[in-house]
2 protein chains.
Amino acid sequence: MQDVLNYIDGRRGEFQADLLALLRMASVSADPAFSPEVRRAAEWIRSHLADLGLAAELVETAGHPIVYAESAPVAGAPVALVYGHYDVQPPDPLDQWTTPPFEPAIRDGKVFARGATDDKGQMLTHVKSVQSWLAAAGRLPLQVKFVIEGEEEVGSEHLGRFLRDNAPRLACDCVVISDTSQFAPGVPAITYGLRGIAYFELRLFGPKQDLHSGVFGGGVANPAVALSAMLAALVDRDGRITVPGFYDDVVPLTDAERAEFASLPFDEAAFKRQLGVAELAGEQGYTTIERRWARPTFDVNGLTSGYQGEGAKTVLPARASAKFSFRLVPNQDPHKIAAALRRRLEELVPPGIRMELVEHHGAPGIVMPLDSPYLQAAAAAVEQGFQRRPVFIREGGSIPIVNTFAEVLGADVLLLGWGQNDDNPHGPNEKFSLDDYHRGVRASAVLWQELAAIKNQPL
Amino acid sequence: MQDVLNYIDGRRGEFQADLLALLRMASVSADPAFSPEVRRAAEWIRSHLADLGLAAELVETAGHPIVYAESAPVAGAPVALVYGHYDVQPPDPLDQWTTPPFEPAIRDGKVFARGATDDKGQMLTHVKSVQSWLAAAGRLPLQVKFVIEGEEEVGSEHLGRFLRDNAPRLACDCVVISDTSQFAPGVPAITYGLRGIAYFELRLFGPKQDLHSGVFGGGVANPAVALSAMLAALVDRDGRITVPGFYDDVVPLTDAERAEFASLPFDEAAFKRQLGVAELAGEQGYTTIERRWARPTFDVNGLTSGYQGEGAKTVLPARASAKFSFRLVPNQDPHKIAAALRRRLEELVPPGIRMELVEHHGAPGIVMPLDSPYLQAAAAAVEQGFQRRPVFIREGGSIPIVNTFAEVLGADVLLLGWGQNDDNPHGPNEKFSLDDYHRGVRASAVLWQELAAIKNQPL
């Protein structure tokens with residue numbers, strides 16, 4: 001192991017040069033004008049992995065190709081699959097970049113370029129760790145498979161099909177993804193839980209056309225009034241969702257989790273300033289971090305009804321609609337929530353109003369058991385790579401690809417973020433710390449060792 | 001009086017010809033291309049009144065001219081002022097007219113033309129009744145003043161100024177306006193009450209920019225959720241407005257009024273079909289007519305927040321706003337309502353949300369006492385003109401010009417509608433019954449007699 005780490009420490013300049021080479025490719029997946037650059041990036045990674053001795057290929061899809069590679073099987077050791085992506089967001093607005101997005105520039109120990117953190121830099125740490133093992137130790141302690149796609153920034157349209165079609169070949173014990181952030185500078189993190197979502201659109205219909213609110217007001221139900229009342233009836237003043245049965249399947253946070261979250265260096269005053277709000281708010285009885293990461297929520301995402309222009313118009317609108325969503329925590333079933341919601345709304349809809357409930361999309365939350373040996377292995381690896389024990393955090397949003405991997409491959413997913421919260425992955429001046437890049441390579445190298453040890457332990 | 005009525009009956013053809021002549025003028029006030037026609041209509045009315053012997057002039061404004069005329073004063077008799085308008089709505093959509101809008105055509109005893117009922121035909125009944133008195137009796141039994149404007153369809157922008165600047169000259173005991181409808185065919189009506197209005201826009205501000213509802217949901221208050229809750233808290237399930245003090249100044253309907261309304265031939269099933277609703281709805285304890293005419297109401301006129309396009313977007317919106325209005329009944333003060341509303345909303349606004357309340361416009365409701373001698377005189381006149389006792393109705397909307405006349409001139413306003421509900425005043429194939437035109441002239445002629453008698457009675 002020490003030989004591997006020494007190799008990594010000795011190759012910092014070379015590993016940086018490889019990163020800069022990849023960052024110079026403008027692999028913008030959203031814009032067909034960049035397609036040649038997208039393919040050039042895919043081919044660069046494929047040949048890079050092939051040069052290391054892995055079986056590597058470009059898998060064509062109806063969109064951009066997927067790079068697939070795998071090292072030799074290792075008997076008695078688990079299999080790890082690295083997922084990443086080589087495509088990047090469009091670089092607009094160009095005039096806000098200090099240096100051009102595809103001419104990587106190093107300032108203050110950070111490389112500035114589109115894709116630096118999302119996800120070329122983070123993804124490449126796992127390629128470099130494999131290179132280091134093969135060079136310094138002559139072999140990897142376990143089999144590593146790579147799935148590096150080129151459509152993550154445009155919805156991963158063809159990845160699910162690829163995973164399902166190749167499930168036996170992709171079989172693995174855990175999936176490693178580095179496409180998130182550390183908790184804070186100097187505070188590495190492992191994301192072990194994601195919230196799910198159930199997204200709806202409620203459409204209410206009153207009179208068949210807009211009416212004059214003077215002539216008809218008081219005569220017929222107003223769909224915008226009904227909408228307000230129905231939405232308001234879904235949550236109480238304490239931020240508790242009042243759909244019957246909503247909390248039935250919620251797994252409470254453990255004392256250990258609450259203690260872990262409470263120990264994080266989270267500055268509420270700075271957070272309020274960042275968001276521009278006088279007060280934080282949400283479900284009573286939980287901290288801000290708990291509410292964002294590990295409690296279900298209700299949010300109205302959009303409202304539309306009647307007259308929305310300047311000034312006043314005395315219209316009694318014919319219809320009103322709301323888009324709204326629940327963030328779900330692991331063990332809540334989006335289908336069950338949808339059914340309970342529909343029943344409740346049907347009770348709430350007032351006479352004279354017809355309702356339609358559209359179910360836009362749903363995904364369950366996901367949580368990796370904190371005592372999972374893979375998670376523990378990852379924690380040990382991150383601690384060695386970053387010289388600090390990682391914190392265990394959750395994420396309030398959903399990462400659909402994580403659900404897909406968990407469902408299709410049945411593997412634990414390790415979300416090991418090497419980025420920082422201010423890396424600005426979709427904005428101008430995206431950056432990635434070269435120290436974090438180096439630490440990430442080291443942590444990844446240790447991870448292979450730690451994971452390889454798992455099957456030798458009595459579980 | 002009988003001589004006057006005989007004169008009217010003998011001049012039906014001539015009076016119709018005058019109406020058709022006026023209808024041929026395309027006096028569309030909204031479109032500058034029609035300005036010469038607008039002026040031609042004004043001049044036609046001025047010269048028509050001058051030919052009858054009235055002092056008549058065009059009063060120039062920054063917009064279209066106002067026709068002002070007055071007959072000779074009559075000592076000991078009250079003064080009546082007729083308000084009407086000679087401008088018309090644009091005729092679009094032209095392709096839906098059976099015959100061209102400015103080529104009046106008579107079918108089934110009705111004249112089809114833009115402005116037929118709104119307001120040239122109705123207004124002209126009062127000109128023709130004055131003509132008949134002067135021709136048949138040699139004098140009018142009271143002084144009649146005419147204010148016929150050319151900007152009613154574009155907001156009467158210059159009328160208020162004219163009234164205020166000329167209040168002494170316009171002094172009168174009652175204002176007569178024929179620009180509304182009968183209750184139903186064969187059921188003439190006098191509109192003795194109008195609702196007022198208090199119109200607001202509530203703007204709620206949360207985070208300084210739209211946030212990701214996954215990453216931040218549960219952390220900060222959602223302005224669209226807050227908006228729903230605040231709006232919902234303004235009205236209860238029984239349709240009662242819950243702003244403290246809201247009903248304090250409401251004058252209850254009398255038993256006589258309720259009986260009058262209940263006697264009207266109102267077909268709820270037909271009304272539901274017309275509006276396309278399965279159920280009518282509103283404040284508990286009142287009939288549909290009472291709720292529309294004589295009870296205050298709350299209506300949301302518009303809602304805006306977050307994502308309103310197709311599909312789903314997981315946004316926690318930075319702001320949400322609603323336009324909403326209360327219809328007020330006579331004796332409710334819009335300013336008092338606005339103050340009570342503001343206090344209530346300030347109690348309701350949740351932590352983390354900043355509110356702005358914009359007061360768009362307010363107008364008090366207005367009601368003419370049913371025992372007013374002017375109203376009783378009008379009822380007698382309508383009964384003689386239409387051969388049926390008129391019903392006393394109210395109107396759910398506001399007619400701002402009525403408030404202006406009541407405020408500036410301190411006069412009772414008589415709303416004597418000769419039209420029908422299906423005359424389609426702002427749509428294609430606008431029409432006016434020639435029988436109603438004739439009856440209107442007769443009723444107007446009797447009205448002058450009935451009004452003239454008032455000052456001779458011990459009041």
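What counts and how
Residues numbered from 1 in each chain as written. Chains lettered and ligands numbered in written order. Predicted model: local features only at pLDDT ≥ 70, side-chain atom pairs only at ≥ 80, totals over all residues. Domains from an automatic or database assignment. Helix = DSSP H or I, 4+ residues; strand = E, 2+ residues; numbered from the N terminus. Expected span 1.5 Å × (residues − 1). Buried ≥ 20, exposed ≤ 12 C-beta atoms within 10 Å, placed from the backbone. Arc of directions from axis to C-beta. Contact = placed C-beta atoms within 7 Å. Pairing = 2+ DSSP bridges. Nonpolar A, V, L, I, M, F, W, Y, C, P; charged D, E, K, R; others polar. Least-squares fit on C-alpha atoms with pLDDT ≥ 70 in both. pLDDT = per-residue confidence, 0-100. Axes fitted to C-alpha atoms, helices over the stretch in contact; angles between N-to-C directions. Core = buried A, V, L, I, M, F, W, Y, C linked by C-beta atoms within 7 Å. Parallel < 35°, antiparallel > 145°, perpendicular 65-115°, else oblique. Left-handed = near helix turned anticlockwise from the far one by under 90°.

(A) Structural view of the domain arrangement of chain A. Each domain of chain A was delimited in the assignment, giving domain 1 (2–193 + 366–456) and domain 2 (197–250 + 296–362). Taken over C-alpha atoms, the centre of domain 1 of chain A sits 41 Å from the centre of domain 2 of chain A.

(B) Quick peek at helix H3 (residues 35–51) of chain B. All names here are of chain B. Between its first and last C-alpha, H3 extends 24 Å over 17 residues, near the 24 Å set by a 1.5 Å rise per residue. Regarding H3, the residues found buried are Val 38, Ala 41, Ala 42, Ile 45, Arg 46, His 48 and Leu 49. The arc that holds every buried residue of H3, seen down its axis, measures 165°, which confines them to one face. Facing away from the buried side of H3, by more than 90 degrees, are the exposed residues Pro 36 and Asp 51. Elements in contact with the buried residues of H3: helix H2 (12–23), strand E1 (55–59), strand E2 (66–70), helix H4 (116–136) and strand E6 (143–149). Following H3 by one or two positions, Gly 53 adopts a phi angle in the positive range, close to 105°.

(C) Just the pairing of strand E2 (residues 66–70) of chain A, in detail. All names here are of chain A. By the criterion of burial, E2 is predominantly enclosed, with five of the five residues buried. The side-chain alternation of E2 yields two buried faces, one formed by Ile 66, Tyr 68 and Glu 70 and the other by Val 67 and Ala 69. Examined bridge by bridge, strand E1 (residues 55–59) and E2 share five bridges and lie antiparallel to one another. The residue bridging Val 59 from the neighbouring strand is Ile 66, located in E2. Where E1 hands over to E2, the hairpin turn is made up of six residues, counted between the paired strands. Here four bridges tie E2 to strand E6 (residues 143–149), and the two strands are oriented antiparallel to one another.

(D) Summary view of the interface of chain A and chain B. Taken residue by residue, the interface counts 66 residues in chain A and 66 residues in chain B. Those elements that place two or more of their residues in the side of chain A that touches chain B are helix H6 (213–216), helix H7 (223–232), helix H10 (288–294), strand E11 (297–306), strand E12 (315–316), strand E13 (319–328) and strand E14 (354–363) of chain A. In terms of residue count, the dominant contributor to the side of chain A that touches chain B is E11 of chain A (10 residues). A breakdown of the residues in the side of chain A that touches chain B according to their chemical character gives 27 nonpolar, 28 polar and 11 charged. Alignment of E11 of chain A against strand E11 (residues 297–306) of chain B, held across five bridges, turns out to be antiparallel. Opposite Gly 302 of chain A, over in E11 of chain B, you have Gly 306 of chain B as the bridge partner.

(E) Region of interest: the relation of the copies chain A and chain B. For the pair chain A and chain B, the superposition axis carries a translation of 0.0 Å, the fit reaches an RMSD of 0.1 Å, and the rotation angle comes to 179°. Both copies are brought into coincidence by an operation consistent with a two-fold rotation axis. Looking at the rotation axis and the C-alpha trace of chain A, the residue lying nearest is Ser 228 of chain A, at 2.1 Å. Both copies present the same face, since 100% of the interface residues in chain A are matched by interface residues at the equivalent positions in chain B.

(F) Here's a closer look at the confidence of the model for chain A. Of all residues in chain A, 99% have pLDDT values of 70 or greater, and the mean over the chain is 95. ipTM for the predicted complex: 0.88, alongside a pTM of 0.88.

(G) Representation of the sheet that holds E11 of chain A within the structure. Across the sheet, which stays open at both edges, the eight strands sit in the order E14(A)-E9(A)-E13(A)-E11(A)-E11(B)-E13(B)-E9(B)-E14(B) with antiparallel pairing between neighbours. The outermost strands of the open sheet, each flanked by one partner alone, are E14 of chain A together with strand E14 (354–363) of chain B. In this sheet, neighbouring strand axes are inclined to one another by 20° on average, regardless of whether the strands run parallel or antiparallel. Here E11 of chain B runs beside strand E13 (residues 319–328) of chain B; their pairing, made up of eight bridges, is antiparallel. Counted as the bridge partner of Thr 297 of chain B is Arg 327 of chain B from E13 of chain B. Across the sheet, H7 of chain A touches strand E9 (196–205), E11 and E13 of chain A together with E11 of chain B, and the angle it forms with E13 of chain A is around 15°.

(H) Structural detail: unusual backbone geometry. Residue and element names in this part refer to chain A. Here the residue pair Asp 92 and Pro 93 is connected by a cis peptide bond, since its omega of -5° sits within 30 degrees of zero. Among the structural elements, Pro 93 can be located in the loop between strand E3 (79–85) and strand E4 (105–107). For Asn 331, which is not glycine, the phi torsion reads 90° and is therefore positive. A positive phi is found at Gln 387, a non-glycine position, where the angle reads about 60°.

(I) Looking closely at the environment of Ala 233 of chain A. All names here are of chain A. Tracing the sequence through the fold places Ala 233 in the loop between H7 and helix H8 (255–262). Exposure remark for Ala 233: the 17 C-beta atoms within 10 Å place this residue in the partly exposed category. Ignoring anything within four residues of it in the chain, the contact list for Ala 233 reads Thr 242 and Leu 348.

(J) Structural detail: the nonpolar core. If you look at the biggest cluster of nonpolar residues, it comprises 263 residues, and the most contacted ones within it are Val 175, Ile 190, Ala 378 and Leu 414 of chain A together with Val 175, Ala 378 and Leu 414 of chain B. In this structure, Ala 378 of chain B is in contact with Ile 190, Leu 414, Leu 416 and Leu 447 of chain B, ignoring residues within four places of it in sequence.

(K) Local environment of the environment of Leu 202 of chain A. Within the secondary structure, Leu 202 of chain A sits in strand E9. For Leu 202 of chain A, a count of 23 C-beta atoms within 10 Å corresponds to the buried category.

(L) Here's a closer look at helix H13 (residues 400–409) of chain B. All names here are of chain B. Turning to H13, its buried residues number three or more, namely Ile 401, Val 402, Phe 405 and Leu 409. Buried residues along H13 cover an arc of 105° about the axis, so they all sit on one side. Looking at the buried positions of H13, the neighbouring elements they touch are strand E3 (79–85), helix H5 (159–165), strand E7 (174–177), strand E8 (189–194), strand E15 (366–367) and strand E17 (412–417). In the segment just after H13, Gly 410 is the residue with positive phi, at about 60°.

(M) Geometry of the packing of helix H2 (residues 12–23) of chain A against helix H4 (residues 116–136) of chain A. Residue and element names in this part refer to chain A. Where H2 contacts H4, the two axes come as close as 10 Å, and the packing angle between them is 140°. Comparing their axes, H4 and H2 come out oblique. Here H2 runs over H4; the crossing is right-handed. The segment H2 lies against H4, with Phe 15, Asp 18, Leu 19, Leu 22 and Leu 23 engaging Ala 116, Lys 120, Gly 121, Leu 124 and Lys 128.

(N) View of the packing of helix H1 (residues 2–10) of chain B against H4 of chain B. Residues and elements named next belong to chain B. Where H1 contacts H4, the axes come no closer than 9 Å and their chain directions differ by 120°. Taken as axis vectors, H1 and H4 run oblique relative to one another. Viewed along their axes, H1 and H4 form a crossing whose handedness is right-handed. For the pair formed by H1 and H4, the contact residues are Asp 3, Val 4, Tyr 7 and Ile 8 on the first element and Ser 132, Trp 133, Ala 135 and Ala 136 on the second. Of the residues that constitute the contact of H1 with H4, the class distribution is six nonpolar, one polar and one charged.

(O) Geometry of the sheet that holds strand E5 (residues 110–112) of chain A. All names here are of chain A. Across the sheet, which stays open at both edges, the three strands sit in the order E4-E5-E18 with antiparallel pairing between neighbours. Whereas interior strands pair on both sides, the edge strands pair on one side only; in this sheet they are E4 and strand E18 (431–433). Here the strands of the sheet are splayed against their neighbours by 25° on average, with no regard to which way each runs. Pairing analysis gives three bridges linking E4 to E5, with the strands arranged antiparallel. When the sheet's bridge partners are listed, Arg 107 is paired in E5 with Lys 110. Against the sheet, helix H14 (residues 434–452) makes contact with E4, E5 and E18, and its axis sits at roughly 60° relative to E18, the strand it touches most.

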